[in-house]
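Below are the chains, spelled out letter by letter.
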Amino acid sequence: MKCVDDFRLTFDKKEYVPIMIGGMGVDISTSDLSLTAARLGGIGHISDAMVPTVSDRRYDTKYVRDKLKKYKHNVANEDKSDVQFDLALLEEAQRAHVENTMARKEGSGLIFMNCMEKLTMNGPKDTLRVRLASALDAGIDGITLAAGLHLGSFALIEDHPRFRDAKLGIIVSSVRALQLFIKKSARTGRLPDYVVVEGPLAGGHLGFGFDWAEYDLATIVAEIRQWLVDEKLEIPLIAAGGVFTGTDATTFLENGAAAVQVATRFTVTNECGLPPDVRQEYFMAEEDDIEVNGISPTGYPMRMLKNSPAIGAGIRPNCEAYGYLLDAKGSCAYIVAYNRELKANPEARRLKVMDKTCLCTHMRNFDCWTCGHNTYRLKDTTHRNADGTYQSLSAEHVFKDYQFSKDHKIALPPLE
Ligand SMILES: Cc1cc2nc3c(=O)[nH]c(=O)nc-3n(C[C@H](O)[C@H](O)[C@H](O)COP(=O)(O)O)c2cc1C
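Model, not experiment: these values are computed from the prediction.

**Some thoughts on the overall build of the protein**
Helices and strands together make up the secondary structure of the protein, namely 13 helices and 15 strands. Along the longest, intermediate and shortest principal axes, the C-alpha atoms of the protein span 65 × 60 × 40 Å. Here the contacts in the protein between residues at least 6 apart in sequence split such that 73% fall between residues at least 24 apart.

**Focus: the packing of helix α2 (residues 51-59) against helix α4 (residues 87-102)**
One can describe the packing of α2 onto α4 by two numbers: an axis separation of 9 Å at closest approach and a directional angle of 55 degrees. It follows that α2 is oblique to α4 by the angle criterion. Seen along the crossing, α2 lies across α4 with a hand that is left-handed. Facing α2, whose interface residues are Val51, Pro52, Val54, Ser55 and Tyr59, α4 presents Leu89, Leu90, Ala93, Gln94, Ala96, His97 and Asn100.

**Observations concerning the environment of Arg364**
Counting through the fold element by element, Arg364 comes out in helix α12 (residues 359-364). Distance from Arg364 to Thr53, taken between C-alpha atoms, is 7.5 Å for residues 311 residues apart in sequence. Other than its neighbours up to four places away in sequence, Arg364 contacts Val26, Met50, Thr53 and Tyr322.

**Structural notes on the sheet that holds strand β13 (residues 302-305)**
The strands that make up a sheet are held in pairs by hydrogen bonds between backbone atoms, and each pair lies either parallel or antiparallel. Reading across from one edge, β9-β13-β12 is the order of the three strands in this open sheet, with antiparallel pairing throughout. The sheet is open, and its two edges are formed by β9 (204-205) and β12 (290-293), each paired on a single side. Pairing geometry for β9 and β13, over two bridges, is antiparallel. The residue bridging Gly204 from the neighbouring strand is Arg303, located in β13.

**Looking at the site of the ligand**
Looking at the ligand, there are 30 residues lining it, with Gly22, Ala146, Gly203, Gly204 and Gly372 nearest. Secondary structure elements with two or more residues in the shell around the ligand: β5 (110-116) and β11 (259-262). For the shell around the ligand, the per-class residue count stands at 14 nonpolar, 15 polar and one charged.

**Things to note about the pairing of strand β4 (residues 43-47)**
With five of five residues buried, β4 is to be regarded as a mostly interior element. Alternating positions in β4 separate into two faces, Ile43, His45 and Ser47 on one and Gly44 and Ile46 on the other, with burial throughout. Two strands pair when backbone bridges link them, and β4 and β5 are joined in this way by five bridges, in the parallel orientation. Each bridged residue has a counterpart across the sheet, and for Ile46 the counterpart in β5 is Met113.

**Some thoughts on the nonpolar core**
Among the nonpolar cores identified, the biggest contains 125 residues, and Val197, Ile238, Ala239 and Val260 are the most heavily contacted of them. Counting residues per element, this core draws most heavily on β5, which supplies six residues. Contacts of Val260, omitting those with residues within four sequence positions, involve Pro18, Ile19, Met20, Ile238, Ala239, Ala240, Val243, Ala249 and Phe252.

**Observations regarding unusual backbone geometry**
The step from Gly25 to Val26 runs through a cis peptide bond, and the omega angle for that step is -5 degrees. With a phi close to 50 degrees, Met121 is a non-glycine residue in the positive phi region. Assignment of secondary structure puts Met121 in the loop between β5 and α5 (124-137). For Met121, a count of 24 C-beta atoms within 10 Å puts it in the buried group.

**Description of the pairing of strand β6 (residues 142-146)**
Of all the five residues making up β6, four are buried; the element is thus mostly covered by neighbouring parts of the structure. Pairing analysis gives five bridges linking β5 to β6, with the strands arranged parallel. Directly across from Cys115, in β6, lies its bridge partner Leu145. Viewed along the sheet, the connection from β5 through α5 into β6 turns out right-handed. When β6 meets strand β7 (residues 167-172), the two strands line up parallel, connected through four bridges. Looking at the pairing, Ile143 lines up with Leu168 of β7.

**Structural notes on the packing of α4 against α5**
Running from N to C, α4 and α5 point in directions that differ by 35 degrees, and their axes come no closer than 8 Å. As for the relative orientation of α4 and α5, their crossing is right-handed in sense. Here Leu87, Leu90, Glu91, Gln94, Arg95 and Val98 of α4 come into contact with α5, specifically with Asp126, Thr127, Val130, Arg131, Ser134, Ala135 and Asp137. Here the contact of α4 with α5 is composed, by residue class, of five nonpolar, three polar and five charged.

**Concerning α4**
In an α-helix, one full turn covers 3.6 residues, which means residues spaced three or four apart are oriented alike. For α4, with 16 residues, the first-to-last C-alpha span of 22 Å sits near the 22 Å given by 1.5 Å per residue. Taken together, the buried positions of α4 are occupied by Leu90, Ala93, Gln94, His97, Val98 and Thr101. The buried residues of α4 occupy an angular sector of 120 degrees when projected down its axis, which confines them to one face.

**Describing the environment of Trp227**
The topology assignment puts Trp227 in helix α8 (residues 217-230). Considered as a pair, Trp227 and Thr36 are 191 residues apart in the sequence and their alpha carbons are 34 Å apart.

How each quantity is defined
Residues numbered from 1 in each chain as written. Predicted model: local features only at pLDDT ≥ 70, side-chain atom pairs only at ≥ 80, totals over all residues. Helix = DSSP H or I, 4+ residues; strand = E, 2+ residues; numbered from the N terminus. Contact = placed C-beta atoms within 7 Å. Axes fitted to C-alpha atoms, helices over the stretch in contact; angles between N-to-C directions. Parallel < 35°, antiparallel > 145°, perpendicular 65-115°, else oblique. Left-handed = near helix turned anticlockwise from the far one by under 90°. Pairing = 2+ DSSP bridges. Near = placed C-beta within 6 Å. Nonpolar A, V, L, I, M, F, W, Y, C, P; charged D, E, K, R; others polar. Buried ≥ 20, exposed ≤ 12 C-beta atoms within 10 Å, placed from the backbone. Core = buried A, V, L, I, M, F, W, Y, C linked by C-beta atoms within 7 Å. Right-handed = clockwise from strand over helix to strand, strands pointing away. Expected span 1.5 Å × (residues − 1). Arc of directions from axis to C-beta.

Structure below.
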């Protein structure tokens, strides 16, 4: 019987353990988590979601305070079109985050950055260009284009000196999305170096509608694989979403995937950015405690724990401080929902907004408990302490369990 370690992912004749830890914003896939994957010969991701905010927390900068100060006069204004990101500061923050991570890299693996198109930042094209280009400038090994079709993203960086040497990949959830991306990027003369095929059981935003349960990852991987064969394209496919055991991963590798991308099992590791009490919520979740809802202002369905504090919270929009989801016109679906409730309940001391959430604020505060479908199985991956809490895991332990386990077994960590 084979295990993941019997396979290798190859880029430019170099071999990697075919395990990629997926990007998890905002700072859930931390530098430390990504560095563990790279040290063990696999691939880790940092995320570029809300990097100035992450920088304030990690590197003691003051981007958020300064932006709020600059736009404080606009807080009560429904129109946020004036609240722009300073592109030079955005570049500085992105560069520092990548440089600080890459400077600590050890081992033979790689570190990629997850870049989400849906982070429209009141200037979709310019802010994305800056984020992509400065990550390349700062020496990131690769970029995974996420949360969007990215039809113009290659063109944004085609003149960058690293455009052809950095690894560039895209996440898709259908053959159609990949076909569109390749067609629209053809002008740049470059194909993606890898394609992450993300199925409906993943965490974060889903590339499916509310009929997500009708799709399954293995079928989509097979469809995309067949299309690539028909088109005579050789692009490594990386299967993601619901790969919970080493054996799940091995099955995908035996069926033609070049690697797997995994995330949920790392949400309860010491290296992940979720605070310890939130990790306990993930451990404790039962299958019924998880839902796919429509409260993300991005318009994509998102999977989260039903007791997530982000659900129903009617806080005032925080776009002057954050504003990462403002569209090209300075609007966000949460602002609309909030103002509707404010008008309907002018006397209320505490508003409830059920249909949308202020995702920036709640992701920043780890109050949006987005998670993968298999989160309810996390309790089976560790020991339960005498007080009813669950023992935290090291990312190395989880990585090696994926790498070496067979027969759907999950190795428990040494008892603390
Ligand atoms: C807590 C959490 C946050 C996530 N955030 C992002 C994100 O910011 N961008 C993204 O492209 N994918 C995100 N994902 C998806 C993962 O990168 C990954 O592709 C997927 O969850 C893999 O499936 P698994 O969680 O079942 O292992 C997130 C997943 C989780 C669990």
